[in-house]
Amino acid sequence: MKELNVAIVGATGLVGQEIIKILEQRDFPIASIQLLTSDNSSNTELFFNHQRIEIGKATAEIFHNVNVAFFSAGLDVSRRLAPLAVKTGAVVIDSSAAFTTDPTVPLVVPEVNSEDIKWHKGIIANPSCSTIQLVVALYPLHKVNPIKRIVVSTYQSVSDSGADALKELTSQAKLVLGGRRVCPHIFSHQIAFNILPEIDVFLDNGYTKEEQKIVEETQKIMHAEDITISATCARVPVYFGHCEALNVEFVSPTTPEEARSILAKAPGIRILDDSAVSFYPQPWAATGSNHVFVGRIRKDISHPNGLVMWVVADNLRKGAALNAVQIAEAGIQMGLIGQNQRQRSSTTRSHSAKGAKLRKENNSRCVN
Ligand SMILES: NC(=O)c1ccc[n+]([C@@H]2O[C@H](COP(=O)([O-])OP(=O)(O)OC[C@H]3O[C@@H](n4cnc5c(N)ncnc54)[C@H](OP(=O)(O)O)[C@@H]3O)[C@@H](O)[C@H]2O)c1
């Protein structure tokens, strides 16, 4: 396999660090790697495959010769630099929310819609962590028995808000245990020994932006605008791992046994489900794993076509870094990453018509 020139923007951050680990672990074909940050960390060093790499500053010029650039440095950096990186010929895989709902940018979870990579024009968006674990768990069921409605409540760890949020939880926990008052910086209120039903900003409809993202991203990835979704997202005082309680209504009746049998064969999923021995997914156990864990699968007693389940994943791995690397691997396999700009645009043009057809076909599968 051809080796690629890779850049990671946000290499010192939680997601950037995890991308480095995953590229090492998966033997990603790398010819060269640039680790990029802001002024704060540039000119310091990190290690990649036991080699010392000097960190550089992320600028528009630095992407010359880069084949694939992983962006995880926040919305503003992606909006500013990703289009410039694409102009120099790089394919950008962006973990911020800058392009997730842009209809001209594919939003990809490889277990669900890797075919959408075919119509990328240089940027491929990595969905938010809460959406990724949701669609990995639900898409295999949706293919067999279309989903009509999802009600999801999330319990999201603080690492979702970056490295400074981890420090805030630790320092607040120490203060509270020492009987002292805390002064929140990252979160609106004390997060230690507390739960906050607020992730991202509040919108006019009363939902938060995180909740709205779950709706729009799920519909986009699953090509299922007809699925109605209501989300409530809460921040919990856990370092790593997101949990989700799902109430799912299908077109036809189904059973927990059928769901377990479908999910047992689905990619990226592990079922942990034995209430007799209190066996179910938990965030501490999911930390460091590549899988999405599903348990507590049961009939929804409030609806004849409903199931309830509990879904857990490591937000930094499958929820961010692993999914980004899997997108790159799928793009390489399709011959859509690693080419020069001119080759890519002609391949992308021929695929975009197919992509539109595919989206239309998938949409027509969904039932109200
Ligand atoms: N954490 C998660 O679970 C998760 C999951 C999915 C998506 N995401 C998204 O991924 C992105 C990064 O999240 P994170 O948790 O890794 O945050 P983080 O720990 O706060 O790291 C932020 C990174 O961005 C870099 N950075 C900041 N300003 C920059 C600039 N102007 N130019 C270049 N680099 C800059 C920082 O470098 P310095 O060291 O120089 O400050 C650092 O490497 C965010 O958009 C987030 O929404 C996060």
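Residues numbered from 1 in each chain as written. Predicted model: local features only at pLDDT ≥ 70, side-chain atom pairs only at ≥ 80, totals over all residues. Heavy atoms only, no water.

Student: Mind showing me how you'd approach the overall build of the protein chain here?
Tutor: Scanning the protein chain for helices and strands turns up ten helices and 14 strands. The principal-axis extent of the C-alpha atoms belonging to the protein chain is close to 60 × 60 × 40 Å. Counting the 368 residues in the protein chain, one finds 52% classified as buried. Long-range contacts, defined as pairs at least 24 residues apart, comprise 68% of the intrachain contacts of the protein chain with a sequence gap of at least 6. Accessible surface, the protein chain as shown: approximately 16,600 Å² in total, 52% of it carbon and sulfur. Separation of charge centres in the protein chain, based on 37 positive and 36 negative side chains, amounts to 3 Å. (Helix = DSSP H or I, 4+ residues; strand = E, 2+ residues; numbered from the N terminus. Buried < 20%, exposed > 50% of the residue type's maximum accessible area, 1.4 Å probe, protein only. Contact = heavy atoms within 4.5 Å. Areas by Shrake-Rupley, 256 points an atom, 1.4 Å probe, with all protein chains shown as cover. Lys, Arg positive; Asp, Glu negative; His and termini not counted. Charge placed at Lys NZ, Arg CZ, Asp CG, Glu CD.)

Student: In this structure, what is going on with the nonpolar core? I would like to understand it.
Tutor: Side chains that are nonpolar tend, in soluble globular proteins, to be buried together. Among the nonpolar cores identified, the biggest contains 59 residues, and Phe 71, Leu 138 and Met 309 are the most heavily contacted of them. Of the residues forming this core, the biggest block, eight residues, is contributed by helix α4 (residues 129-144). In this view, Phe 71 contacts Val 9, Phe 63, Val 77, Ser 78, Leu 81, Ala 82, Ala 85, Val 92, Ile 93, Asp 94, Ser 95 and Ser 96; residues no more than four positions away in its chain are not counted. If you look at the next biggest cluster of nonpolar residues, it comprises 46 residues, including Leu 14, Ile 33, Leu 196 and Ile 332. (Core = buried A, V, L, I, M, F, W, Y, C linked by side-chain atoms within 4.5 Å.)

Student: Is there a simple way to explain the environment of Arg 235 in this structure?
Tutor: Assignment of secondary structure puts Arg 235 in strand β10 (residues 228-235). Residue Arg 235 is classed as buried on the basis of its relative accessible area of 4%. C-alpha of Arg 235 to C-alpha of Glu 198: the two residues are 37 residues apart in sequence and 6.8 Å apart in space. Residues in contact with Arg 235, not counting those within four places in the same chain, are Gln 156, Ser 157, Val 158, Asp 160, Ser 161, Phe 187, Ile 191, Asn 194, Ile 195, Leu 196 and Ile 199. In terms of polar contacts, Arg 235 uses its side chain to reach the backbone carbonyl oxygen of Ser 157, at 2.9 Å. (Polar contact = N/O pair within 3.5 Å; in protein donor to acceptor, adjacent residues only side chain to side chain.)

Student: What should I look at first to understand the sheet that holds strand β14 (residues 306-313) in this one?
Tutor: Note: strands within a sheet are paired through backbone hydrogen bonds, in either parallel or antiparallel orientation. Strand order in this open sheet of six strands is β10-β9-β11-β14-β13-β12, and the pairing throughout is mixed. Single-partner strands in this sheet number two, and they are β10 and β12 (269-271). Averaged over all pairs of adjacent strands, the angle between strand axes in this sheet comes to 20°, irrespective of strand direction. The sheet contacts of helix α6 (residues 209-221) involve β9 (147-156) and β10, and relative to β10 the element is tilted by about 140°. (Pairing = 2+ DSSP bridges. Axes fitted to C-alpha atoms, helices over the stretch in contact; angles between N-to-C directions.)

Student: I'm lost on the pattern of salt bridges in this one. Help?
Tutor: Side chains that carry opposite charge are capable of pairing whenever their charged atoms lie near each other. Taken as a whole and assessed by the stated rule, the structure comprises twelve salt bridges. In this structure, Asp 39 and Lys 57 form a salt bridge, with 3.4 Å as the shortest nitrogen-oxygen distance. Taken together, the positions of Asp 39 in the loop between β2 (30-37) and β3 (45-48) and Lys 57 in strand β5 (residues 56-57) put the pair 18 residues apart, joining distant regions of the chain. With relative accessibility at 53%, the residue Asp 39 sits in the exposed group. Of the charged contacts in the structure, one is a salt bridge between Glu 249 and Lys 148, with a shortest N-O distance of 3.9 Å. On the criterion of sequence distance, the pair formed by Glu 249 in strand β11 (residues 242-250) and Lys 148 in strand β9 is long-range, its members being 101 residues apart. For Glu 249, a relative accessible area of 15% puts it in the buried group. Connected via shared salt-bridge partners are Glu 18, Lys 21 and Arg 317. (Salt bridge = Lys/Arg side-chain N within 4 Å of Asp/Glu carboxyl O.)

Student: Got a minute to help me understand the site of the ligand in this structure?
Tutor: Taken together, 27 residues are adjacent to the ligand, and Thr 12, Val 15, Ser 38, Ser 41 and Ser 159 come closest. In the environment of the ligand, an oxygen atom lies 3.2 Å from a nitrogen or oxygen atom belonging to the backbone of Gly 10. For the ligand, an oxygen atom lies 2.9 Å from a polar atom in the backbone of Gly 13. Considered on its own, the ligand offers 900 Å² of accessible surface; in the complex 77% of this is hidden by protein. Secondary structure elements with two or more residues in the shell around the ligand: α1 (14-25), α2 (75-87) and α9 (317-333). Here the shell around the ligand is built from residues that sort into ten nonpolar, 15 polar and two charged. (Near = heavy atom within 4 Å. Nonpolar A, V, L, I, M, F, W, Y, C, P; charged D, E, K, R; others polar.)

Student: What should I look at first to understand the pairing of strand β7 (residues 91-94) in this one?
Tutor: Consecutive residues of a regular strand have side chains that alternate between opposite faces of the sheet. Alternating residues of β7 divide into Val 91 and Ile 93 and Val 92 and Asp 94, and every residue in both groups is buried. Note that strand β6 (residues 68-71) and β7 share four bridges and pair parallel. Its bridge partner lying in β7, Phe 71 is registered against Asp 94. Crossover handedness for the path β6 to α2 to β7: right-handed. Across three bridges, the pairing between β7 and strand β8 (residues 123-125) is parallel. (Right-handed = clockwise from strand over helix to strand, strands pointing away.)

Student: Help me out: how do you make sense of the packing of α4 against α6 in this one?
Tutor: Two quantities define a packed helix pair, namely the angle between the helix axes and the distance between the axes. For the pair α4 and α6, interaxial distance at closest approach is 9 Å and the crossing angle is 40°. As judged from the angle between their axes, α4 and α6 are oblique. The chirality of how α4 crosses α6 is right-handed. Listed contacts from α6 to Ser 130, Thr 131, Leu 134 and Val 135 of α4 are Glu 210, Lys 213, Ile 214, Glu 217, Thr 218 and Ile 221. Looking at side-chain class alone, the contact of α4 with α6 contains four nonpolar, three polar and three charged residues. (Parallel < 35°, antiparallel > 145°, perpendicular 65-115°, else oblique. Left-handed = near helix turned anticlockwise from the far one by under 90°.)

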